[in-house]
Amino acid sequence: MTTEVTGPPSNVEDGDTGGSPPGALGRAVRAVRDGNTLVITLLAFVCAIVVGAVLIVIADEDTRTAAGYFFAYPPDMLGAAWNAVSSGYAALFEGSVFNPDSLTAGSTIAVLGPISDTLFNAAPLILGGLAVGLAFRAGLFNIGGQGQLIAGAICAGYVGFAWDLPVVLHLLAALVAGVIGGAVWGGIAGWLKARTGAHEVISTIMLNYVALYLLFYLLSVGGFQAENSNQAISRPVEENARLPHLLGSSLSVNASLILALLAALGCWWLLTRSTLGFRLRAVGANQFAARTAGMSVPSSYITVMLLSGALSGLAGCAQILGGNNPALTGDVDANIGFDAITVALLGRASPGGTVLAGILFGGLRAGAVKMQSDTGIPTEIVQVIQSVIVLFIAAPSLIRAIFRLRETRGGGVTTLAKGWNG
Amino acid sequence: MTTIAPEEELVVIRPVVALGVPLRSRLIAGITVVVAGLVCVLAWGLGANPGSADFSLTAAGDTFAIPDLKLPAAGTAIVLGVIVIALGLFHAVRGFSKRQMRWVLLVVLLLFVIAFLCWASTGSPGNPLNIPGLLQNTLLLATPLILGALAGILCERTGVINVAIEGQFLAGAFAGALGASVAHSLGVGVISGMVAGGLMGALLAVFAIKYVVNQVVLGVVINAFALGITGFGYDALMQSDPSAYNEPGFFAPIRIPVLADIPVIGQLFFNVNIIVYMTYILIIVIDVALFRTRWGLRTRAVGEHPKAADTVGIKVLRTRYRNVIMGGVVAGLGGAFLTIGAIGGFTKDISSGKGFIALAAVIFGKWSPRGAIGAALLFGFADALQSLLSVAGTPVPIPSNFLLMLPYLATLFAVAGLVGRVQAPAADGEPYVKG
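Residues numbered from 1 in each chain as written. Chains lettered and ligands numbered in written order. Predicted model: local features only at pLDDT ≥ 70, side-chain atom pairs only at ≥ 80, totals over all residues. Heavy atoms only, no water.

**Observations concerning the overall build of chain A**
Using the following cut-off: Elements are defined by DSSP. Helices are runs of H or I of four residues or more, strands are runs of E of two residues or more, and each kind is numbered from the N terminus. Residue burial is assigned from relative accessible area. The probe radius is 1.4 Å, only protein chains are included, and a residue is buried under 20% of its type maximum, exposed over 50%, and partly exposed in between. Two residues form a contact once any of their heavy atoms are found within 4.5 Å. We get accessible surface area from the Shrake-Rupley algorithm with a probe of 1.4 Å; when it comes to residues, only the shown protein chains can shield them.
Scanning chain A for helices and strands turns up 17 helices and zero strands. Across the 422 residues that make up chain A, the buried fraction comes to 55%. Long-range pairs, those at least 24 residues apart, make up 71% of the contacts in chain A with a sequence separation of at least 6. Carbon together with sulfur atoms contributes 64% to the accessible area of chain A, which is approximately 17,700 Å² in total.

The structure is reproduced here in structure tokens:
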């Protein structure tokens, strides 16, 4: 594998340092250079899979027993380890992409089930990832996805169960409410940054918990809490306000996927085709230069945090209006707020990359469920794999060192907001 | 204090001379205090149920019993409120100096809390609020926060942002419970907790210093990693065989003879478990070392101006590695406290955001050990108070979730500059590349 990889990038490097030639050749060179980024991503994935395999082996009871007499008869342990890892990853694949058993069952629903679950899980991750990525581009690190998602879900959920509106209107009203809720929550952090210089990382972390406790409070008061219930669960969202399924009710994928793709398209247009997007990127690249050029840095911060919060709010809508559970609970976030950060980092803060990263992590989430039910491997392994991927991507020189690639520039996550004072 | 104030030794860019407090900020602070006083008078004083506020001052197991303290609830709160208003008015009109204001705010806070407790204790007449119990709980809840905050200070004073305190807590808590269960020894548990925290610290150090990864991003990712790996370990090992892997037991308190017999505060401070005593030592050691030793001077130099430090021959990267790993070890101890210091068993996400409160304490305490410890105690108190009041009840029910929100809101206000300027070490979060 290493030899395949070292070839092209080293050629590229020579072409690159000499300045990219124009025209078709330039495009080709750039494509291969992007390939270099892709290669790093793939290798990071491979490393993460290996780390996951190690965990599976450690957790596997048969392997542990066989390890007890490893020196007496090594094949036993190696065999058990191979069994555990291969059956685990096979189940992960079957749960997220394609299950060969479903062919014999002969129904399209069974064949499409895994893909549908993957896309269902991907939608909120994509939305959350876009939110983080958009803020990244303007030089802000929004780790308040959790809080903004919760704020959005509270608003969308409230409209969804408390209002009484006709079919299409109800869904739209709930979506708008969710977007506003998230935007307000994100906007607070943006406003604080613009007005007082409060670092957005600190304020968004704090706002996460404020939102969480606000949610816990609301789930304990009348009007919000489900009637005749002591549980911290809200009234269920009305059928009118639910996001419709795309491929029939037996497949989980729903309209939140459309929302996510539209949002990605919107982000792409915003960042590459609009004046506002140009301004945001300019502020993100160098706020001092942007200010000198006459752009308002504070208003850019507020705008981007409003937009970022709105996208997170939309992720909240996907959770509450499209999720398996149509009622608000304390776990409405389902760790999407933080997973979205890894999605954005993996997608390198570009809308297209975020969609792909969201689908990958959605697949991991979907597959993990089957992995646990089939082989007993805890779903948390997905969390480990995700964070290891991002850790390796963030440090491309580590990947290059492991696989003995040539040191080149690029391929890493761009360095963003620096210290607390930056 | 005849020596130069420690913070001033290294000031490079910050203006040192501040001629009085500007009128605008004086007015804002003064009016805020007056409003707090009005709340005391109108809400806590006039809103109290008739009768007296009863406080029990004897903890279970105290040698000497002190009779319950009975205060006229409404009267006390009103008097305290008037004092607070007077302080606020004085500040708005004449102005306290910066140094005085710190103490004034402390007094205001104390009076406000006492007035609040007077009001709260009238919620269930004949059932006195147990003050020593409340304080004991505060210390119990604040201990991990203090350790986490100290870890944060060790890292950030040396120029590496530590958002990964939460992850270090989780690793320490998990390894503490696992080590103690497997080895049937709490001592092994403490050590394995500290080692696990140190490993998380090392992970942070290597990626932040060697691979120059954005440190906030890194912290978030390490938190996710720790959450995943401890959750995985819990499901894979602990849940399948709790007696072998997750029954560590916990440290019994150690009673220091004479000192523990002091009324009210004796048991609070001197009948606690070993990790709390270790925390006392760490507090003193870190506070003294940071401002009075060569190591401390170097640490702060590296955190404020690494290039200058490098120029005079301080090994910037080595200092950072050492401090970040030490920070991880301290946070790992805090994590171990969560399992073998208090509950005796690991559950998923056991730290549940405490690492972030510790981070908040670092920031709220302006990156100084004393400030951070004060903030950690304050946040611990808010937590202890909400659990007390959710049981005891108040005249008007206060949702406990709002009290739980307080640390985060307080920090939000702090970073927004409402309680003076919050300034991080100048090079905090900036990787140092030689040359």
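What follows picks up the thread again.
**Observations concerning the nonpolar core**
Formally: Among buried residues, the Ala, Val, Leu, Ile, Met, Phe, Trp, Tyr and Cys ones that are joined through side-chain atoms within 4.5 Å form a nonpolar core.
A:Phe141, A:Ile205, A:Leu321, A:Ile381 and B:Phe346 are the most contacted members of the largest nonpolar core, which totals 214 residues. If one sorts the elements of this core by residue count, helix H8 (residues 215-238) of chain B sits on top with 13 residues. Leave out the neighbours within four places in its chain, and A:Phe141 touches A:Val132, A:Phe136, A:Glu200, A:Val201, A:Thr204, A:Ile341, B:Val216, B:Val217 and B:Val220. Counting residues in hydrophobic clusters, the runner-up holds 31 residues, among them B:Ala53, B:Phe55, B:Leu80 and B:Ala115.

**Focus: the side chain of B:Gln267**
All names here are of chain B. Here is the rule: Counted as a polar contact is a pair of N or O atoms within 3.5 Å, where, for protein atoms, one must be capable of donating a hydrogen and the other of accepting one, and residues adjacent in sequence contribute only when both atoms are in side chains.
Considering the arrangement of structural elements, one finds Gln 267 in helix H11 (residues 266-270). The buried category is assigned to Gln 267, whose relative accessible area is 5%. Engagement of the side chain of Gln 267 in a polar contact is seen with the side chain of Asn 271, the distance being 2.9 Å.

**Overview of the sheet that holds strand S2 (residues 69-72) of chain B**
Residues and elements named next belong to chain B. To be explicit about the condition: Two strands qualify as a pair provided that DSSP identifies no fewer than 2 bridges between them. Lines fitted to C-alpha atoms define the axes here, with helix axes fitted over just the stretch in contact, and angles between the N-to-C directions of these axes take values from 0 to 180 degrees.
Pairing in this open sheet of three strands is mixed, and the strands run S2-S1-S3 from one edge to the other. In this open sheet, the two edge strands, each paired with only one partner strand, are S2 and strand S3 (129-130). For strand S1 (residues 52-56) and S2, the ladder comprises four bridges, and the chain directions are antiparallel. In the sheet register, Asp 54 faces S2, and the bridge partner there is Lys 70. Its contacts with the sheet place helix H4 (residues 98-121) against S1, S2 and S3, and it is angled at close to 105° to S1.

**Considering a negative patch on the surface**
Convention followed: Patch building starts from residues that exceed 30% relative accessible area and form no salt bridge, then joins like charges within 9 Å and nonpolar side chains (Val, Leu, Ile, Met, Phe, Trp, Tyr) within 5 Å. Whenever a carboxyl oxygen of Asp or Glu lies within 4 Å of a side-chain nitrogen of Lys or Arg, that contact is scored as a salt bridge. Working convention for charge: Lys and Arg count positive, Asp and Glu count negative, and His plus the chain ends are omitted. Think of each charge as sitting on NZ of Lys, CZ of Arg, CG of Asp or CD of Glu.
Residues A:Glu61, A:Asp62, B:Asp241 and B:Glu247 make up a contiguous surface patch of negative charge. The topology assignment puts B:Asp241 in the loop between H8 and helix H9 (242-245).

**Considering a positive patch on the surface**
Residues and elements named next belong to chain B. Taken together, the side chains of Arg 294, Arg 298, Lys 315, Arg 318 and Arg 322 present a region of like positive charge at the surface. When residues of the positive patch are traced back to their parent elements, those giving at least two are helix H13 (294-304) and helix H15 (316-343). For Arg 294, a relative accessible area of 62% puts it in the exposed group.

**Some thoughts on the interface of chain B and chain A**
Heads up, the condition is: For any pair of parts, buried area is found by adding up, for both, the accessible area (1.4 Å probe) each one loses once the two are put together. Asp, Glu, Lys and Arg are counted as charged, while Ala, Val, Leu, Ile, Met, Phe, Trp, Tyr, Cys and Pro are counted as nonpolar; the rest, among them Gly, fall into the polar class.
Counting residues at the interface gives 49 residues for chain B, matched by 46 residues for chain A. Interface area for chain B against chain A, summed over the two sides, is near 4,300 Å², with a carbon-plus-sulfur share of 78%. Scanning the region where chain B abuts chain A turns up one salt bridge. A salt bridge links A:Glu380 to B:Lys348; the nearest nitrogen and oxygen atoms lie 3.0 Å apart. For the pair chain B and chain A, the number of links is one residue pair in polar contact (both at pLDDT 80 or more). At the level of elements, helix H7 (186-210), H8, helix H16 (354-364) and helix H18 (400-415) of chain B are the ones that each hand at least two residues to the side of chain B that touches chain A. Per-element tally for the side of chain B that touches chain A: the top contributor is H8(B), with 15 residues. Taken together, the residues that form the side of chain B that touches chain A break down as 36 nonpolar, eight polar and five charged.

**Quick notes on unusual backbone geometry**
With phi around 50°, A:Ala334 is a residue other than glycine that occupies positive phi space. The class of A:Ala334 is partly exposed, set by a relative accessible area of 27%. Unusually for a residue other than glycine, B:Lys366 sits at a positive phi of about 55°. Examined against the element boundaries, B:Lys366 turns out to sit in the loop between H16 and helix H17 (369-392). A residue is classified by how much of its surface remains accessible, and B:Lys366, at 38% relative accessible area, is partly exposed.

**Re the confidence of the model for chain A**
Residue and element names in this part refer to chain A. Defined as follows: pLDDT expresses, on a scale from 0 to 100, how confident the predictor is about each individual residue.
Confidence in the prediction of chain A, expressed as mean pLDDT, is 84, and 87% of residues score 70 or more. A low-confidence stretch, residues 1-20 stays under pLDDT 50, and its non-local contacts, those more than four residues away or across chains, total 19 contacts. Note on residues 410-417: pLDDT under 50 across the span, and 19 contacts to partners over four residues away in sequence or across chains.

**Concerning the packing of aromatic side chains**
Rules: Planes of paired rings set the category: under 30 degrees apart is stacked, over 60 is edge-to-face and the rest tilted, where pairs are Phe, Tyr or Trp rings (Trp by its six-membered ring) whose centres lie within 6.5 Å.
Across all of its chains, the model carries 21 aromatic pairs over all chains by this definition. Measuring from ring centre to ring centre gives 4.6 Å for A:Tyr209 and B:Tyr408, while their planes differ by 10°; the resulting arrangement is stacked. In this pair, A:Tyr209 sits in helix H9 (residues 200-218) while B:Tyr408 sits in helix H18, so the two residues belong to two different chains. An identical accessibility class is assigned to A:Tyr209 and B:Tyr408; each is buried. Here B:Phe90 and B:Phe96 contribute two aromatic rings whose centre-to-centre distance is 4.9 Å and whose plane-to-plane angle is 50°, an arrangement assigned as tilted. You can call B:Phe96 buried: its relative accessible area is 13%. Aromatic ring contacts, followed pair by pair, group A:Tyr209, A:Tyr213, A:Phe216, A:Phe338, B:Phe356 and B:Tyr408 into a single cluster.

**What to know about the confidence of the model for chain B**
Considering every residue of chain B, the mean pLDDT works out to 85; 93% of them sit at 70 or more. Contacts from residues 15-19 of chain B, a stretch scored under 50 in pLDDT, to residues over four places away or in other chains number one contact.

**Observations regarding the environment of A:Cys47**
Mapped onto the secondary structure, A:Cys47 falls in helix H2 (residues 23-59). Residues in contact with A:Cys47, not counting those within four places in the same chain, are A:Phe392, A:Ile399, A:Ile402 and A:Phe403.

**Brief notes about the pattern of salt bridges**
In total, this model carries eight salt bridges over all chains according to the counting rule given. In this structure, B:Arg370 and B:Asp287 form a salt bridge, with 3.0 Å as the shortest nitrogen-oxygen distance. One end of the pair, B:Arg370, is in helix H17; the other, B:Asp287, is in helix H12 (residues 274-292), and 83 residues separate them in sequence. The exposure class assigned to B:Arg370 is exposed, which follows from its relative accessible area of 60%. If you follow the salt bridges from partner to partner, you end up with A:Glu380, B:Asp235 and B:Lys348 in one network.

**Observations regarding the packing of H4(B) against H17(B)**
Residue and element names in this part refer to chain B. The condition is simple: Roughly parallel covers angles under 35 degrees, roughly antiparallel covers those over 145, roughly perpendicular covers 65 to 115, and oblique covers all other angles.
Remark: H4 packs on H17, axes separated minimally by 13 Å, with the N-to-C direction vectors making an angle of 5°. By the angle between their directions, the pair H4 and H17 is classed as roughly parallel. Contacts between H4 and H17 involve Leu 109, Val 113, Phe 116, Leu 117 and Ala 120 from the former and Leu 378, Phe 381, Leu 385 and Leu 389 from the latter. Looking at the contact of H4 with H17 residue by residue, the class counts come to nine nonpolar, no polar and no charged.

**Some thoughts on the state of the cysteines**
Definition in use: Here, two cysteine sulfur atoms that lie within 2.5 Å of each other are counted as a disulfide.
Taken as a whole, this structure holds zero disulfides over all chains when the rule is applied. The cysteine A:Cys155 is free of any disulfide, with A:Cys317 supplying the nearest cysteine sulfur at 8.9 Å.

**Examining a nonpolar patch on the surface**
Residue and element names in this part refer to chain A. Together, Leu 112, Leu 246, Leu 247, Ile 258, Leu 262, Leu 265, Trp 268 and Trp 269 make up an exposed nonpolar region whose accessible area comes to about 790 Å². Counting residues per element, the nonpolar patch draws most heavily on helix H10 (residues 256-273), at five residues. On the secondary structure map, Leu 246 appears in the loop between H9 and H10.

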